[in-house]
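Residue-level structural notes
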Amino acid sequence: MLARKSIIPEEYVLARIAAENLRKPRIRDRPRKARFIAKNGACNLAHKNIREQGRFLQDIFTTLVDLKWRHTLVIFTMSFLCSWLLFAMMWWLVAFAHGDMDPSTENSLNSTKWTPCVTCVRSFTSAFLFSIEVQVTIGFGGRMMTEECPLAITVLILQNIVGLIINAVMLGCIFMKTAQAHRRAETLIFSRQAVIAVRNGKLCFMFRVGDLRKSMIISASVRIQVVRKTTTPEGEVIPIHQVDIPVDNPIESNNIFLVAPLIICHVIDKRSPLYDISASDLALQDLELIVILEGVVETTGITTQARTSYVAEEILWGHRFVPIVTEEEGVYAVDYSKFGNTVKVAAPRCSARELDEKPSILIQTLQKSELSHQNSLRKRNSMRRNNSIRRSNSMRRTNSSLIVPKVQFITPEGSQSASET
């Protein structure tokens, strides 16, 4: 506004803005790669251009279970309302065809010769109420069917069968939605970050998994897959190439006893896709490690599956998980506040291939860490000694300041008497 009024020259304003832009460095963040599996286990995948939508109606029960709760409740309510209205219309037509709606028949109701198909059904509202009584088996007693009309008996049988089918499907759908397996997977937790460290002389990829409930997961097994974009020698680009990697488990069946949080370990050997990756190359890798935990819920017997993934930014090189299981008064206690805590440890920065080719790298790394540990201990001891010396010197100074000097008293006789207090 000032530049437009010619109070400040326009050239000065433009130069000032250009100088401010030059002072502020522009940092362009690296574009984040889309995850195949989110941290909560949801698949980050969108299905588009599906032409054969009728396949979902062929498996209507699974479609209803997979719907959202608001859609399921709407379908649940509308299915009963539509069936009640449909059969109410049928009962009204039966009564109308038989002549129960004719006002002239009301005077002959007391006679023994006239018998309606359904008693007390003289309007569509009463037919709707009778339809609800038949399908829900309420039976208030005011309206009931007689043996006068065989068509009414057929409608009664048909409505009972349709009502049972609707109850079975909709109630089964509600039960399956409330008892889905992924609800149990909400209490299966994974560490937020994974680590790479040396274990038993080998570089290992490790993460921690735990169960928050006391009811166990039976026959629990863990699988790890590496998802990355690869190109074949023929030039074919595979955007999601999945490779299974083995899990180090002393049990041959590969099942784990998930009674307490466990550290799952993958040894980086020749079979591993991480064999040629070093610490400096890890940040540049475009890969994602998917972890899948499967097992049977002890209380319900339903198979459940929990998933998570780790990208390169979530893998810490040269770290180790802190222990969280302690024994307190004869009981093993788990401190979940330290579930994802890690500490830095000595680990070679080279790849597993270089470590296998030159085992001396590991020895040198351990020696350096031992020397650094000893130096840190020496520094701590020297600092403690200096602190103790300073404290002793300060205490001596305070004691010397508290010493009372000697005082001489002169008596009237001229004699001097020295006293010390």
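Residues numbered from 1 in each chain as written. Predicted model: local features only at pLDDT ≥ 70, side-chain atom pairs only at ≥ 80, totals over all residues. Heavy atoms only, no water.

Looking at an unreviewed UniProt entry, one finds the protein chain named KCNJ8 protein and attributed to Phainopepla nitens. According to the UniProt record, the Catalytic activity (unreviewed entry) comment for the protein chain reads "K(+)(in) = K(+)(out)". The record in UniProt for the protein chain states the following under Subcellular location (unreviewed entry): "Membrane". (UniProt positions renumbered as here; feature names shortened; annotations may be inferred.)

**Quick word on the state of the cysteines**
Counting across every chain of the model gives one disulfide. Two residues, Cys117 and Cys149, share a disulfide whose sulfurs are 1.6 Å apart. Looking down the S-S bond of the Cys117 and Cys149 bridge, the torsion is -50 degrees, so its handedness is left-handed. In this pair, Cys117 sits in the loop between α4 (69-98) and α5 (124-136) while Cys149 sits in the loop between α5 and α6 (150-178), placing the two residues 32 residues apart along the sequence. The exposure classification of Cys117 matches that of Cys149, with both residues buried. (Disulfide = S-S within 2.5 Å. Helix = DSSP H or I, 4+ residues; strand = E, 2+ residues; numbered from the N terminus. Buried < 20%, exposed > 50% of the residue type's maximum accessible area, 1.4 Å probe, protein only.)

**Digging into the UniProt feature "transmembrane region" (unreviewed entry) in the protein chain**
Cross-referencing UniProt, the feature "transmembrane region" (unreviewed entry) maps to residues 73-94 and 151-175 in the present numbering. End C-alpha to end C-alpha, residues 73-94 measures 32 Å, and it is 100% helix and 0% strand. Between the end C-alpha atoms of residues 151-175 there is a gap of 36 Å, over a span that is 100% helix and 0% strand.

**A look at the packing of aromatic side chains**
Centre-to-centre distance and the angle between the planes together describe a pair of aromatic rings. Counted by the stated rule, this structure contains eight aromatic pairs. Between Phe76 and Phe80, the aromatic rings sit 5.1 Å apart at their centres with planes inclined by 65 degrees, giving edge-to-face as the arrangement. Taken together, the residues Phe76 and Phe80, both in helix α4 and four residues apart, mark about one turn of the helix. Overall, the relative accessible area of 24% leaves Phe76 in the partly exposed class. For the pair Trp91 and Phe130, a centre-to-centre distance of 4.9 Å together with 85 degrees between the ring planes defines the contact as edge-to-face. A residue pair is termed long-range when its members are at least 10 positions apart, and Trp91 in helix α4 and Phe130 in helix α5 qualify at 39 residues. Here the two residues Trp91 and Phe130 agree in accessibility, since each one is buried. An aromatic cluster is built from Phe76, Phe80 and Trp84, whose rings are joined through pairwise contacts. (Phe/Tyr/Trp six-rings, centres within 6.5 Å; stacked < 30°, edge-to-face > 60°.)

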